[in-house]
Amino acid sequence: MNKRYPAIFTKEGSGKYAVSFPDLDGCYTCGDSLNEAMENAAEASGLFLVSALADGETVPEPSKLEDITYDENEIVAYVVADINDTIVISYQQCAPILG
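Small disclaimer: the values here were computed from a predicted structure and weren't measured.

Whenever I open this one, the pattern of salt bridges confuses me. Can you help?
By the definition in use, this model includes two salt bridges. Close ionic contact of K3 with E61 constitutes a salt bridge, the shortest N to O distance being 3.8 Å. Taken together, the residues K3 in strand β1 (residues 2-11) and E61 in the loop between α1 (34-54) and β4 (74-82) connect sequence positions 58 residues apart. Given a relative accessible area of 17%, K3 falls into the buried group. Salt-bridge contacts for K16 lead to D32; the nearest nitrogen and oxygen are separated by 3.6 Å. On the criterion of sequence distance, the pair formed by K16 in the loop between β1 and β2 (17-20) and D32 in the loop between β3 (28-31) and α1 is long-range, its members being 16 residues apart. Owing to a relative accessible area of 42%, K16 belongs among the partly exposed residues under this scheme.

Below is the structure:
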């Protein structure tokens, strides 16, 4: 299942990017470049959603890009979180630990 959420990419003074998700309260990530921040955003949002579903929480509906408020140094774009791939990746990372 793919979910598409708007993310705000904020260029910091260092040239790095901070990422926040208006619809996913508490979901943040960053990257040394915009490309890295986008990759990290896809992974972070997927992990956030998998965790929410595992905890029995309702997954929020994504906002429309035009409804997001942002500043001059920010970019707003949709990020696709593939929940199924994240579940597989998470399991593969945890399986050696769990035995």
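What's the story with the nonpolar core in this structure? I'm lost.
Taken as a class, soluble globular proteins show a tendency for nonpolar side chains to be buried jointly. F9, V19, F21 and L49 are the most contacted members of the largest nonpolar core, which has 18 residues in total. Among the elements of the structure, β1, β2, α1 and β4 are those that each provide at least two residues to this core. The element that contributes the greatest number of residues to this core is α1, accounting for five residues. Other than its neighbours up to four places away in sequence, L49 contacts K3, Y5, L24, V59, A81 and I83.

Can you help me understand α1 in this one?
Side chains three or four residues apart in an α-helix point the same way, a direct result of the helix having 3.6 residues per turn. Relative to the 30 Å expected for 21 residues at 1.5 Å per residue, α1 spans 30 Å between its end C-alpha atoms, a close match to the ideal helical length. For α1, the complete set of buried residues consists of A37, A41, A44, S45, G46, L49, V50 and A52. Among the residues trailing α1, G56 stands out with phi positive, at a value near 80 degrees.

It is not clear to me how the packing of aromatic side chains should be interpreted in this structure. Could you clarify?
Pairs of aromatic rings are described using the distance from one ring centre to the other and the angle between the two planes. For the coordinates displayed, the defined rule picks out zero aromatic pairs. Just above the ring of Y78 sits the side chain of R4; from NZ or CZ to the centre is 4.0 Å.

What's the story with the pairing of β2 in this structure? I'm lost.
A regular strand carries its side chains on alternate faces of the sheet. Residues Y17 and V19 of β2 are buried on one face, while the alternating residues A18 and S20, pointing to the opposite face, are not. When β1 meets β2, the two strands line up antiparallel, connected through four bridges. Bridge pairing in β2 places I8 opposite S20. Counting the residues that bridge the hairpin from β1 to β2 gives five residues, and of these G15 lies at a positive phi of roughly 95 degrees. For β2 and β3, the ladder comprises four bridges, and the chain directions are antiparallel. Across the sheet, the residue bridging to V19 is T29, located in β3.

Just to check I follow, could you spell out the sheet that holds β2 for this structure?
Backbone-to-backbone hydrogen bonds join strands into a sheet, with any given pair of strands oriented parallel or antiparallel. Strands sit in the order β3-β2-β1-β4 across an open sheet of four strands; the sheet is antiparallel. A strand with exactly one partner marks an edge of an open sheet, and here the two such strands are β3 and β4. Looking at each pair of strands side by side, their axes are set apart by 30 degrees on average, direction ignored. Strand direction decides the pairing type here: β1 and β4, joined by nine bridges, are antiparallel.

Conventions used here
- Residues numbered from 1 in each chain as written.
- Predicted model: local features only at pLDDT ≥ 70, side-chain atom pairs only at ≥ 80, totals over all residues.
- Heavy atoms only, no water.
- Salt bridge = Lys/Arg side-chain N within 4 Å of Asp/Glu carboxyl O.
- Helix = DSSP H or I, 4+ residues; strand = E, 2+ residues; numbered from the N terminus.
- Buried < 20%, exposed > 50% of the residue type's maximum accessible area, 1.4 Å probe, protein only.
- Core = buried A, V, L, I, M, F, W, Y, C linked by side-chain atoms within 4.5 Å.
- Contact = heavy atoms within 4.5 Å.
- Expected span 1.5 Å × (residues − 1).
- Phe/Tyr/Trp six-rings, centres within 6.5 Å; stacked < 30°, edge-to-face > 60°.
- Lys NZ or Arg CZ within 6 Å of the ring centre and 35° of its normal.
- Pairing = 2+ DSSP bridges.
- Axes fitted to C-alpha atoms, helices over the stretch in contact; angles between N-to-C directions.

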